[in-house]
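Topology and contacts: notes
Here is how the chains run, residue by residue.
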Amino acid sequence: MNRILTDNSPENSVVLGGHPFGDRLLDAGQIERLLAAPVFKDINPAEFPSTTPLASILAYHGRIRRFFEGEMIVMEGDYGHSVFAILSGELRGLAPGQGRVRSAVRKQQTMITFFKSLAQLWQNARITERRQSGRIEDHGNGRDSILKTAILEKGANQPRRKRQDRRTRQATSPYQGPDRRQATRKASKSLVRMLPDVAEVIANQDTFCLGPGDIFGEIAALTRTSRQNTVFVASPMVEVFELRWQGLRELRRWSSYFCAYVDKLYRERGLEIQVAENHLFKGLDGPSLQRLIAHIQYGSYGNFEWTAAFQRQSQGKESAGNPPPLEQDIYLQGAAVNEIGLIRSGFVRVVETRDGHQQTVGYLGKNDFVGGAEIRQYLESGTALSWQNSYRALGYADILRIPVDPLLETLSNMDSQQLASLAPRTKGTAGNFSLLDFLVDKRLINGTQAMLIDNRKCVECDECVIACAQNHDNNPRFVRKGENHGPFLVANACMHCIDPVCLIGCPTGAISRDTESGAILIEDASCIGCSTCANACPYGNIEMVAVNDSQGNRLLKADGSQEMRATKCDLCTGKSGGPACVRACPTGALSRVDLHRPDQVGNLFR
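Residues numbered from 1 in each chain as written. Predicted model: local features only at pLDDT ≥ 70, side-chain atom pairs only at ≥ 80, totals over all residues. Heavy atoms only, no water.

**Points about the nonpolar core**
In terms of nonpolar packing, the biggest core is built from 68 residues, with F40 and F241 touching the most fellow members. Residue-level mapping places this core at the junction of two domains, with at least three residues from each of domain 1 (10–98 + 205–254) and domain 2 (280–420). Discounting residues that sit within four places of it in the chain, F241 has contacts with L26, L34, F40, L58, G62, R63, I64, V83, F84, A85 and L87. Judged by nonpolar contacts, the second largest core, of 44 residues, contains L435, A510, A519 and V601. (Core = buried A, V, L, I, M, F, W, Y, C linked by side-chain atoms within 4.5 Å. Buried < 20%, exposed > 50% of the residue type's maximum accessible area, 1.4 Å probe, protein only. Domains from an automatic or database assignment. Contact = heavy atoms within 4.5 Å.)

**Here's the deal with the pattern of salt bridges**
All chains considered together, the criterion is met by 20 salt bridges. Between E239 and R33 there is a salt bridge, with the nearest N and O atoms lying 2.7 Å from each other. Of the two residues, E239 sits in strand 9 (residues 237–244) while R33 sits in helix 2 (residues 28–36), which places them 206 residues apart along the sequence. Judged by its relative accessible area of 10%, E239 falls in the buried class. Of the charged contacts, one joins D462 and R480 as a salt bridge, the two residues approaching to 2.7 Å between their closest N and O atoms. (Salt bridge = Lys/Arg side-chain N within 4 Å of Asp/Glu carboxyl O. Helix = DSSP H or I, 4+ residues; strand = E, 2+ residues; numbered from the N terminus.)

**Topic: the pairing of strand 8 (residues 230–233)**
Of the two faces of strand 8, the one lined by T230 and F232 and the one lined by V231 and V233 are each fully buried. One ladder, built from 2 bridges, connects strand 2 (residues 72–74) with strand 8; its direction is antiparallel. Counterpart to M72 in the pairing with strand 8 is F232. Pairing analysis gives 4 bridges linking strand 4 (residues 91–94) to strand 8, with the strands arranged antiparallel. When the bridges of strand 8 are listed, L94 appears paired with T230. (Pairing = 2+ DSSP bridges.)

**Considerations on the sheet that holds strand 4**
The antiparallel open sheet is built from 4 strands, whose spatial order is 2-8-4-6. Lying at the two open borders of the sheet, with one neighbouring strand each, are strand 2 and strand 6 (207–210). The sheet shows a mean angle of 30° between the axes of neighbouring strands, taken without regard to direction. (Axes fitted to C-alpha atoms, helices over the stretch in contact; angles between N-to-C directions.)

**Quick word on the side chain of H472**
Within the secondary structure, H472 is located in the loop between helix 19 (463–471) and strand 17 (479–485). If we skip the residues at most four places from it in the chain, H472 touches E129, R477, D570 and C572.

**Thoughts on unusual backbone geometry**
Here N367, not a glycine, exhibits a phi torsion of approximately 70°, which is positive. Phi is positive for R443, close to 60°, though the residue is something other than glycine. Along the chain, R443 falls in the loop between helix 18 (433–441) and strand 16 (450–454).

Nothing here speaks to function; it is geometry throughout.
If you want it as structure tokens, here you go:
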């Protein structure tokens, strides 16, 4: 029986946790419609436990949304955390590489000249975090709020505000400052999720059709990676059911049919690309690649939501264990090797046990093989296949599991140069185990542009802070505190991570990775101040700040609460000379380093 747990049910809060995906739980009529839809009609409700019935998962973790012609539901490069099932209407998708519309819809980063950078030192306004009063707002369900806002921003006929005195405006309006149309005209240059001419795109681009019964977005939702395609509305209106990743996980966990269905889609849409692009399998002919792919299975280890537990542990609110509670064993030292893993996303700790003592000897990341060293040793010496080390998911790791026999069959046709790709690619610190433990335990291996301060050289002159503030609305985008290793400080500044968990869940897509520089950037005009990114960052490197109008008055929301925006280090993207903090340091104490390669930065920690 498809019993729906209500908002007030104790089971609801315990089993499902958190808040419904939409403004409210889906009602019985909506659930009945979903269960009759092609995607869900073959799921057997009897497979689900009584505490977490199928209907409750759909009602709690899903929401029904409407989009209109030309609106883009997802864009290539977005980080997604949900899957979409089409209920009605027609969608079109752009093939990978053709959907890079972000450069067209997001404001281009223009390089500021040296003279403009210099002039900014004395032209900076005295008001901290000054903004125009126009806002991007999230209005909840119904017609997609972000896209609806984008339509308004294109210059819709919005009434001009009547002239009000300052006191009246502050009491009656959520916005304080210049005319709203002026602000929306500015915002329209930075966020438009609307195709100007659908027919032209379909005629001139390589597109594919999606209709009722199709689903999309499952790869990004399963693996916490960016969207591979741009999907837009090709009919007057579509209705889609959006299921967040927690619901997708539960459906795959309990429904054998749905698990096989999603895995089949993943195999067809993403697996071949993932395997073919790997350094070892590049050049494999089609039949050989397909034979290998037919044996590969998808595995997920650890906790997809590891960041919350990591934050509690970092703050001393959760005790560490051995192995740490945030890590899950994948393979154990000494056990027989029946498969090897190709890491799709996440990190894996490599542990060696000697005389009962466990020592971290390295780690592995995306596109690395777990077991490559063991396989190569077997091919070279014929020794028995057993795991030389233990391997643990650091937080979480998504792995493509490749059985040994079909792998060896594939490798038998490769020459020695190709097999060299199986050489151990474990990242380490050349014997500096203390540094390695520090980087891995604190998850700093995630950072590609960490702010490293040598306290032996730092004279606390604050020039780095001043320079950052001068370039960012009189408010520095970092805090000079953080994790310490010896005399070195890894400051609380955005590290522009390899696995940027802050990107997941942003309701407007305001935070994204720049495809050219790799920097994680926040589009200020799109930020609604919801704090999702700040709460998700495991390192506390995103701050929520109060914003002011051009007269220095605090901007307020409709309910009278303070208007906030998310801020973080942007590497001074668009400004000449690179990060101002580095350029301003008079003693060379501050640098930006790629902590993902500790073997290359070990000399810096001496």
